[in-house]
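# Architecture at a glance
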Amino acid sequence: MTEVESGSGAGMDSLRSGKRDDDRRRLDWTPGFDQVRVEEVINRYRGERWVLIPLLQEIQEVCGYIPPALIPRIAEAVGMFPVQVQGVISFYSQLHTEPRGKKVVTVCRGTACHVRGGRSILKVVKEHLGIEEGETTPDLEYTLETVACIGVCALAPNMMVGRTTYGSLNPSKVARILGRPRAAQGGD
Ligand code: FES
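Reading guide: rules and limits
Residues numbered from 1 in each chain as written. Predicted model: local features only at pLDDT ≥ 70, side-chain atom pairs only at ≥ 80, totals over all residues. Heavy atoms only, no water. Helix = DSSP H or I, 4+ residues; strand = E, 2+ residues; numbered from the N terminus. Buried < 20%, exposed > 50% of the residue type's maximum accessible area, 1.4 Å probe, protein only.

## A closer look at unusual backbone geometry
Here the amide bond leading from Ala156 into Pro157 is cis, since omega sits at 0 degrees, within 30 degrees of zero. Mapped onto the elements of the fold, Pro157 is located in the loop between β2 (142-147) and β3 (159-161). Residue Leu140 is not a glycine yet carries a positive backbone phi of 60 degrees. Inspection of the secondary structure assignment puts Leu140 in the loop between α7 (118-129) and β2. Located in the positive-phi region is Ser168, a residue other than glycine, with phi close to 50 degrees. Inspection of the secondary structure assignment puts Ser168 in the loop between β4 (164-166) and α8 (171-178).

This is the structure:
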């Protein structure tokens, strides 16, 4: 029993070391984020229990999203399997494994907004940004999302850009707010 455990331990050490090398290579291949800060964040949480969510949130703050290539490193740091980390990311809607825009435009699809032209507002926003819901502009400036209610129905139709809410919208107001030419043309 002891021999088996001892042999398995050495094998596991070698496997873990090989896995870390693999993860390191994956990390090195992933461009576009501050690798020094990423390493600092992962190492700060390393070996701690119950830290996965704050660790993921911090990685997302640094990178703008959670690069899939980092998931094995994160899993190794907190003693989980990558599939478990992926499961947690999938469960929380505020965690993303795709690049996000610097500003998130959230158009309300709720009833109050819908009856006061919310659908047209969404269409105009799409035309201005040149993307569909759930997508991010190629320059990583904007991500477009919709929501069931922003909570200011009296001002319908509404949308948010980042944390700022804009109400009583019409197409020209949307153009002023987004401040960029339409990416695609189309009528209401
Ligand atoms: S339905 Fe749009 S803010 Fe409530």
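## Observations concerning the environment of Pro72
By secondary structure assignment, the location of Pro72 is in helix α4 (residues 71-78). Taking relative accessible area as the criterion, Pro72 reaches 12% and is therefore assigned buried. In this structure, the C-alpha to C-alpha distance between Pro72 and Val85, residues 13 residues apart in sequence, is 8.4 Å.

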